[in-house]
Amino acid sequence: MTTVLDGDLVASQVDKLIPGIVEEWGACDVWVKAEGILDVCRFLKEDPALCCDYLVSISAVDYVEYFELVYHILSIKKNHIVVLKAKCWGREDLTVPSVTSLWQGADFQEREIYDLMGIDFGGHPNMKRLLLWEGFPGHPQRKDWLESPR
Amino acid sequence: MPIRTEPVTLNLGPQHPSTHGVFRMRITFDGEMILDVEPVVGYLHRGSEKLAEERTYVQVITLTDRLDYVSSMSNNLAYVLAVERLAGVTPPERAMYIRVIVAELQRIVSHLVATGFFLNDLGALATPLMYCFREREKILDLFEMLCGARITLSYMRVGGIFQDAPLEFWPALRGFLGYMPGYLDEYERLITGNEILLSRTKGVGILSGETAINCSVSGPILRASGVNWDIRKADPYDVYDRVDFDIPVGTVGDNYDRYLVRIAEMRQSLRIIEQCVQQLPDGPIKTEVPSLVRPPKGDAYGHVEAPKGELGFYLVSDGSISPYRLKIRSPSLINLTALRDMLIGCKLADMIVTFGSIDINMGEVDR
């Protein structure tokens, strides 16, 4: 079975290396500051004990007050998974560091989030819409998006 | 005096017979050599994730049919697993066995389609494809017995399956298990040692194991690159931990390895189905779950080894009758990330073959 690593365990390890970056943690997920996501991911990937070499997926959820990015990061060697979350407050001008420099697999997923949720990923080599066309009004996966604005 | 040359940019698609749907590639050539590739997707975008937010948990099953429309069973399974994890429901034993049987039948369908179209892309027009479709028809007949549909099945339910298999299903399945290995041998005689296939696919479109992991590639492509990773073994769901099967792994990661891995996986699928039929217990096929499921607040990630790779559903519930957010981790889209690495340095003539060996489905890429 793929073990989901304890939030407590990951949080303490990350906090030891980068103090103050962890915001909170649950049974199996860790919330970190959005601007520090790249540093945390680099640590997860390069740490020999964690060795998270495979990015499974990046999801974005619109909770209206804030957006939440969810990273599922897997270690193929050790067969464990880390669930990393980051909150982005506000609706406009959202920028989060891109993790494409660590995992190329983030390329399309970050572009999709930019397209449908409107979160910009700084440092992405080709940040443009993935599914919709250039000039599409708004970001339709947001909760406040209307097909025909009133 | 040297001849002055400059790179040419060409648009392949969106309407092109080799793209299996509507897919566009912007390719830059230097003569016949590929310098750069940029996939352009979205022509089939239907907003499945947004549509799911306005439907009940059970209604969303029909949306998942239409993601990868040659493997609806696997899509159904991945989705109901995510909902079951969220709602804390366990299906009865018999349902889990039947789910594994149909998911493996679906894997054979998908790999047959992949193999047939792969050879079609190579220029072996229609003959191998018709051989592959002959067996695919037989499996679709089995699916028709189960639920009346052939393509968009919606067979799985939260907490089990829609209905038990009719009595005539089991002899038909046994018959299929009897003749399918012979048909696989027939493909191998026809295709595997073929000199044209060998010279066109060996050493072409090589993807190394490290690049595959870095690009988040999954499924047969990852295994063909020599990475032994299969969710059925690594994170067994339903009853995969009770059956014995091997994971075929490639060595080089070229087009030929990807073809071989798919053929070998079909044989393993037959093994799994045989064991499941032997172990199949009697009993109920569905746990009682209200038709308007209201999972508690929270999130869950359910994933399966779909024929094309890891298919995952990230579900967020706010306690109401429809998902607050449904995110689909589609293997076809993410496997395309590696396309550029596979194609750069290739010749124009090998491009279509390499693209065909990834086996994508546009319904799943664009969602």
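Residues numbered from 1 in each chain as written. Chains lettered and ligands numbered in written order. Predicted model: local features only at pLDDT ≥ 70, side-chain atom pairs only at ≥ 80, totals over all residues.

### What to know about the overall build of chain B
Then comes step 1: If you tally the helices and strands in chain B, you get 15 helices and 8 strands.
Then comes step 2: What you see for chain B is a C-alpha radius of gyration of 21 Å, in line with the 21 Å of a compact globule of 367 residues.
Then comes step 3: Expressed as lengths along the three principal axes of its C-alpha atoms, the size of chain B is roughly 80 × 45 × 35 Å.
Then comes step 4: Every one of the 367 residues in chain B was classed for burial, and the buried ones make up 51%.
Then comes step 5: Across chain B, contacts joining residues at least 24 apart in sequence account for 71% of those joining residues at least 6 apart. (Helix = DSSP H or I, 4+ residues; strand = E, 2+ residues; numbered from the N terminus. Rg over C-alpha atoms; globule rule 2.2 N^0.38 Å. Buried ≥ 20, exposed ≤ 12 C-beta atoms within 10 Å, placed from the backbone. Contact = placed C-beta atoms within 7 Å.)

### Details of the overall build of chain A
Then comes step 1: Each helix and strand in chain A was counted, giving 3 helices and 8 strands.
Then comes step 2: The order of α-helices and β-strands along chain A, N terminus first, is β-α-β-β-α-β-β-β-β-α-β.
Then comes step 3: Whereas a compact globule of 150 residues would reach a radius of gyration of roughly 15 Å, chain A reaches 16 Å, a difference of no more than 12%.
Then comes step 4: On the principal axes, the C-alpha backbone points of chain A span a range of 50 × 30 × 30 Å.
Then comes step 5: Within chain A, the proportion of its 150 residues that are buried is 42%.
Then comes step 6: When contacts within chain A are restricted to residue pairs at least 6 apart in sequence, long-range pairs at least 24 apart make up 44% of them.

### Brief notes about the interface of chain B and chain A
How big an interface is tends to be stated in terms of accessible area lost as the parts join.
Then comes step 1: With 27 residues of chain B in contact, the opposing surface of chain A contributes 23 residues.
Then comes step 2: Contributing elements (two or more residues each) for the side of chain B that touches chain A: α1 (48–52), α8 (209–214), β7 (309–317), β8 (325–329) and α12 (331–335) of chain B.
Then comes step 3: A total of 4 residues in the side of chain B that touches chain A trace back to one element, the largest contributor, which is β7 of chain B.

### Description of the sheet that holds β8 of chain B
Residues and elements named next belong to chain B.
Then comes step 1: Taken together, the 3 strands give an open sheet; going across it, the order is β6-β7-β8, and neighbouring strands pair in antiparallel fashion. The open sheet terminates on both sides in strands that have one partner only, identified here as β6 (298–306) and β8. Each neighbouring strand pair of the sheet contributes to a mean axis angle of 15°, computed without reference to strand direction.
Then comes step 2: In the sheet, β7 pairs with β8 via 5 bridges, with the strands oriented antiparallel. Residue pairing across strands places Phe 313 opposite Ile 328, the latter belonging to β8.
Then comes step 3: Sitting on the sheet, helix α3 (residues 72–87) touches β6 and β7, and the angle it makes with β6 is about 150°. (Pairing = 2+ DSSP bridges. Axes fitted to C-alpha atoms, helices over the stretch in contact; angles between N-to-C directions.)

### Here's the deal with the pairing of strand β2 (residues 22–25) of chain A
Across a regular strand the side chains alternate sides, sitting on one face of the sheet and then on the other.
Residue and element names in this part refer to chain A.
Then comes step 1: Of the strand pairs in this sheet, β2 and strand β3 (residues 29–33) are connected by 3 bridges, and their pairing is antiparallel. Directly across from Glu 24, in β3, lies its bridge partner Trp 31.
Then comes step 2: In this structure, the hairpin formed by β2 and β3 is closed by a connection of 3 residues.

### As for the pairing of strand β4 (residues 54–62) of chain A
Residues and elements named next belong to chain A.
Then comes step 1: Most of β4 is tucked away, with 8 of its 9 residues classed as buried.
Then comes step 2: Bridge count for β4 against strand β5 (residues 66–75) is 8 bridges, and the pairing is antiparallel. Looking across to β5, one finds that Leu 55 is bridged to Ile 73.
Then comes step 3: Linkage of β4 to β5, two consecutive antiparallel strands, is achieved through a turn of 3 residues, within which Val 64 is found at a positive phi near 65°.

### A short note on the sheet that holds strand β2 (residues 24–30) of chain B
Residue and element names in this part refer to chain B.
Then comes step 1: Reading across from one edge, β1-β2-β3 is the order of the 3 strands in this open sheet, with antiparallel pairing throughout. In this open sheet, the two edge strands, each paired with only one partner strand, are β1 (8–12) and β3 (33–40). For this sheet the average axis-to-axis angle between neighbouring strands, irrespective of direction, equals 20°.

### Examining helix α6 (residues 169–192) of chain B
Then comes step 1: Over its 24 residues, α6 of chain B runs 32 Å from end to end, which matches the ideal 34 Å to within 8%, given 1.5 Å per residue.
Then comes step 2: Along α6 of chain B, the helix axis deviates most sharply at Tyr 179 of chain B, where the bend reaches about 30°; the proline Pro 181 of chain B sits within four residues downstream. (Expected span 1.5 Å × (residues − 1). Bend = angle between axes of the 7 residues up to and from the residue.)

### Some thoughts on the packing of helix α4 (residues 93–122) of chain B against helix α5 (residues 127–147) of chain B
Packed helix pairs are specified by the crossing angle of their axes together with the interaxial distance, meaning the distance between the axes.
Residues and elements named next belong to chain B.
Then comes step 1: Between α4 and α5, the shortest axis-to-axis distance is 9 Å and the interhelical angle comes to 160°. Classified by the interaxial angle, the pair formed by α4 and α5 is roughly antiparallel. Between α4 and α5 lies a crossing of left-handed hand. Within the contact between the two elements, α4 uses Val 102, Leu 105, Ile 108, Val 109, Leu 112, Val 113, Thr 115, Gly 116, Phe 117, Leu 119 and Asn 120 and α5 uses Pro 128, Leu 129, Cys 132, Phe 133, Glu 135, Arg 136, Ile 139, Leu 142 and Leu 146.
Then comes step 2: Looking at the contact of α4 with α5, its residues break down into 15 nonpolar, 3 polar and 2 charged. (Parallel < 35°, antiparallel > 145°, perpendicular 65-115°, else oblique. Left-handed = near helix turned anticlockwise from the far one by under 90°. Nonpolar A, V, L, I, M, F, W, Y, C, P; charged D, E, K, R; others polar.)

### A short note on the domain arrangement of chain B
Residue and element names in this part refer to chain B.
Then comes step 1: One can read the domain layout of chain B as domain 1 (1–45) and domain 2 (49–346).
Then comes step 2: Each of domain 1 and domain 2 has a C-alpha centre, and these two points are 30 Å apart.
Then comes step 3: Contacts between the two partners involve 8 residues from domain 1, matched on the other side by 9 residues from domain 2.
Then comes step 4: Tallied by class, the residues present in the side of domain 1 that touches domain 2 amount to 5 nonpolar, 2 polar and 1 charged. (Domains from an automatic or database assignment.)

### With respect to α3 of chain B
Residue and element names in this part refer to chain B.
Then comes step 1: End to end, α3 covers 22 Å across 16 residues, agreeing with the expected 22 Å (1.5 Å per residue, within 8%).
Then comes step 2: Within α3, 15 of the 16 residues are buried, leaving the element largely enclosed by the surrounding structure.
Then comes step 3: Looking one or two residues past α3, Gly 88 carries a phi angle of roughly 70°, positive in sign.

### Considerations on the packing of α6 of chain B against helix α11 (residues 255–279) of chain B
Residues and elements named next belong to chain B.
Then comes step 1: In contact at an axis separation of 11 Å, α6 and α11 are set at 165° when each is read in the N-to-C sense. On the basis of the axis angle, α6 is roughly antiparallel to α11. The interaxial crossing formed by α6 with α11 has left-handed handedness. Counted together, Leu 173, Leu 177, Met 180, Pro 181, Leu 184, Tyr 187 and Glu 188 of α6 and Ile 263, Met 266, Arg 267, Leu 270, Ile 273, Glu 274 and Val 277 of α11 form the full contact between these two elements.
Then comes step 2: Grouping the amino acids of the contact of α6 with α11 by side-chain chemistry returns 11 nonpolar, no polar and 3 charged.

### A look at the nonpolar core
Then comes step 1: Counting 142 residues, the largest nonpolar core has Ile 73 and Val 82 of chain A together with Ala 78, Ala 82, Val 83 and Ala 212 of chain B as the members making the most contacts within it.
Then comes step 2: The leading source of residues in this core is α4 of chain B, at 17 residues.
Then comes step 3: Setting aside chain neighbours within four positions, we find Val 83 of chain B in contact with Tyr 57, Val 158, Val 293, Pro 295 and Leu 315 of chain B. (Core = buried A, V, L, I, M, F, W, Y, C linked by C-beta atoms within 7 Å.)

### Structural notes on the environment of Val 64 of chain A
Then comes step 1: Inspection of the secondary structure puts Val 64 of chain A in the loop between β4 and β5.
Then comes step 2: Sequence separation between Val 64 of chain A and Asp 120 of chain A is 56 residues; the distance between their C-alpha atoms is 17 Å.

### Remarks on the environment of Gly 309 of chain B
All names here are of chain B.
Then comes step 1: Looking at the secondary structure, you find Gly 309 in strand β7.
Then comes step 2: By the C-beta count within 10 Å, which is 27 here, Gly 309 ends up buried.
Then comes step 3: Sequence-wise, Gly 309 and Ile 221 are 88 residues apart; in three dimensions their C-alpha atoms are separated by 8.0 Å.
Then comes step 4: In this structure Gly 309 touches Ser 218, Gly 219, Pro 331 and Asn 335, once residues within four positions along its chain are discounted.

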